[in-house]
Amino acid sequence: MATLNTAAAAGQVQKKKKREKKFTKEAIIRDFKHNKFRYLLILPLILFFIIFSCLPMGGLTMAFCNYKPRTGIFGSLTHNFVGFQHFIDFFGSIYFIRVLRNTILLNVWNLIISFPLTIIVALLINEAKNKLFKKTVQTVSYMPYFISMVVVCGIVVDFCKSTGVFGKLAETLTGQSQNLLGVSSLWRPIYIGSGIWQGLGFGTILYIAALPGVSQELYEAAKIDGAGYMRQMWHVTLPGIRPTIMITLIMQVDMLMASSSEKTILMYNEQIYETADIIASYVYRKGLLEGGYSFSTAVTLFNSVINFGLILITNHLSKKYSEISLF
């Protein structure tokens, strides 16, 4: 027994030494020479992330100083350092509660409505037996996603005018002629509805791609047990694509504080600021229109930290209760 234990220990030591040899300087140089063209292929991607993701991180220091274009970022940081003053000003602002509330409500409602709806549509498309009908529905539902956001917002604005399609329909139902985008209570339904119309079809791609991976034997077993379409969907299909659902949910929660500033700016107006003004549009007004670069950077940094915290919490809960996680 002792001899066997000694041999096993010696074998483990040898394996460890082999692994260490793989990462020696000579081995790395040899690997680089052998795969130099492969490394050249990924060089543009590495440079892209360095230039557009890593280097701009230095701009976050603007949040802790009064930025002056004449002195630059680091010059402003040296001579006009203010610490956390911009964060304090934002938290104490009369707009803090409003933009935070509007951002959270808009994205939570969007998640509650669009996330399950995307799964339902994917399941319905997958159940279609006629291939021509299935492909037609998929193509038609994907098309709005490739329309420019500016065009989509222009369509929504025109349709919601008092003389537009939706405006006339509302006039017929209520007897009042008005611009629907001028009504605060209608802002969120219009925003979420237009987002669903544009992105619903494209959002089903992941689920439709995951559905063929569900074992057909499970469906056959369910049929033998007398399960109908609904029970098969609930007990076989949904558990089969659960990893895809959970990963998508984690990524969606990560965006709870990151509404589209472009869409909001193109559609909202001063009449509905109380409901439509979100963090992204507030940063746009403060940063670009009023020249408060440092203040808007501080607000953006606060927003990013909250998003980062949300993805960590969601990922931890998903890993704990479903054993599925991003990392």
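Only a predicted model underlies this, so the values are computations on that prediction, with no experimental measurement involved.

## As for the side chain of Thr103
Part 1 of the argument: Structurally, Thr103 is set in helix α6 (residues 96-127).
Part 2 of the argument: Since its relative accessible area comes to 1%, Thr103 is described here as buried.
Part 3 of the argument: Look past the residues within four positions of Thr103 in its chain and what remains in contact with it is Leu256, Met257, Ser259, Ile278 and Ile279.

## A closer look at the nonpolar core
Part 1 of the argument: Formed by 42 residues in total, the largest nonpolar core has its most connected members in Trp187, Ile190, Tyr207, Ile241 and Met267.
Part 2 of the argument: Only α6, α8 (149-160), α10 (184-203), α11 (205-210), α12 (216-224), α13 (229-240), α14 (242-253) and α16 (273-276) provide two or more residues apiece to this core.
Part 3 of the argument: If one sorts the elements of this core by residue count, α6 sits on top with eight residues.
Part 4 of the argument: Non-local contacts of Tyr207, meaning those with residues more than four positions away in its chain, are made with Phe115, Thr118, Ile119, Ala122, Ile241, Thr244, Ile245 and Thr248.

## Here we look at α6
Part 1 of the argument: Under the 1.5 Å per step criterion, the end-to-end length of α6 is 47 Å for 32 residues, consistent within 8% with the ideal 46 Å.
Part 2 of the argument: Approximately 25° is the largest bend angle found in α6, and it occurs at Leu111.

## Focus on the side chain of Arg98
Part 1 of the argument: In this structure, Arg98 sits in helix α6.
Part 2 of the argument: Residue Arg98 is classed as buried on the basis of its relative accessible area of 12%.
Part 3 of the argument: Within polar-contact distance, the side chain of Arg98 engages the side chain of Asp277 at 2.8 Å.
Part 4 of the argument: Apart from residues no more than four positions distant in its own chain, Arg98 is found in contact with Tyr273, Glu274, Asp277 and Arg285.

## Section: α8
In an α-helix, one turn spans 3.6 residues; hence positions three or four apart end up facing the same way.
Part 1 of the argument: Between its terminal C-alpha atoms α8 stretches 16 Å, which fits the 16 Å expected from twelve residues at 1.5 Å a residue.
Part 2 of the argument: When we look at burial in α8, the residues that qualify are Val152, Cys153, Val156 and Cys160. The buried side chains of α8 occupy one side of the element, clustering within an arc of 95° when seen end-on.
Part 3 of the argument: The elements touched by buried residues of α8 are α9 (165-174), α10 and α15 (261-267).

## What about the layout of surface pockets?
Space left empty within the atom packing is revealed by a probe, the size of a water molecule, rolled over the atoms.
Part 1 of the argument: Taken as a whole, the largest pocket encloses approximately 1,000 Å³ of empty space.
Part 2 of the argument: Asn110, Ser114, Gly195, Gly199 and Gln252 are, among the 28 residues lining the largest pocket, the residues nearest its centre.
Part 3 of the argument: Put simply, the parts of the chain that give the lining of the largest pocket at least two residues each are α6, α10, α11 and α14.
Part 4 of the argument: Lining the second largest pocket are 13 residues; nearest its centre among them are Asn126, Glu127, Lys129, Gln216 and Tyr219.
Part 5 of the argument: Of all elements in the fold, only α6, α12 and α13 reach the threshold of two or more residues within the lining of the second largest pocket.
Part 6 of the argument: Here the lining of the second largest pocket is composed, by residue class, of six nonpolar, three polar and four charged.

## Structural notes on the environment of Glu290
Part 1 of the argument: The residue Glu290 is located in the loop between α17 (279-289) and α18 (293-321) in this model.
Part 2 of the argument: Accessibility expressed as a relative area gives 55% for Glu290, which makes it exposed.
Part 3 of the argument: For Glu290 and Gln232, which are 58 residues apart along the polypeptide, the C-alpha to C-alpha distance reads 57 Å.

## Brief notes about the pattern of salt bridges
Part 1 of the argument: Under the criterion given, the structure shown has seven salt bridges.
Part 2 of the argument: Here Arg285 ties to Asp277 by a salt bridge, and the two come within 2.8 Å at their closest N and O atoms. Take Arg285 and Asp277: they sit in the same class, and that class is buried.
Part 3 of the argument: Notably, a salt bridge pairs Glu290 with Lys286, separated by 3.3 Å at the nearest N-O pair.
Part 4 of the argument: Three or more residues joined by partner-sharing salt bridges are found here, namely Arg98, Arg101, Glu274, Asp277 and Arg285.

Procedures and definitions
- In every chain, residue numbers begin from 1 and rise along the written sequence.
- Only residues with pLDDT of at least 70 get local features here, since the model is predicted, and only at 80 or more are side-chain atom pairs given and counted; chain-wide, interface and lining totals rely on the full set of residues.
- Calculation of side-chain values draws on the structure's entire complement of heavy atoms; hydrogens and water are dropped beforehand.
- A run of DSSP states H or I qualifies as a helix once it reaches four residues; a run of E qualifies as a strand once it reaches two. Both are numbered from the N-terminal end.
- Three exposure classes are used, based on accessible area relative to the maximum for each residue type with a 1.4 Å probe and protein chains only: buried under 20%, partly exposed in between, and exposed over 50%.
- Contacts between residues were defined by any pair of non-hydrogen atoms, one from each residue, lying within 4.5 Å.
- Among buried residues, those of type Ala, Val, Leu, Ile, Met, Phe, Trp, Tyr and Cys that are joined through side-chain atoms within 4.5 Å constitute a nonpolar core.
- In this analysis, the expected span of each helix is defined as 1.5 Å times one less than the number of residues it contains.
- Fitting axes to the seven residues ending at a residue and to the seven starting there, one defines the bend at that residue as the angle between these axes.
- In protein, a polar contact means a hydrogen-donor-capable atom and an acceptor-capable atom, both N or O and within 3.5 Å, with residues adjacent in sequence counting only if both atoms are side-chain atoms; elsewhere, any N or O pair within 3.5 Å suffices.
- To be clear, the arc concerns the directions from the helix axis to the C-beta atoms.
- Cavity: a set of points on a 1 Å grid over the protein atoms alone where a 1.4 Å probe fits but cannot get out. Pocket: an open set with protein on both sides within 12 Å along at least five of seven lines, its lining residues, like those of a cavity, having an atom within 4 Å of a point.
- Grid points are joined across faces, edges and corners, and a volume is the space filled by probe spheres set on the points.
- Under this grouping Gly is polar, as are all residues other than the nonpolar Ala, Val, Leu, Ile, Met, Phe, Trp, Tyr, Cys and Pro and the charged Asp, Glu, Lys and Arg.
- Each reported salt bridge corresponds to a side-chain nitrogen of Lys or Arg within 4 Å of a carboxyl oxygen of Asp or Glu.

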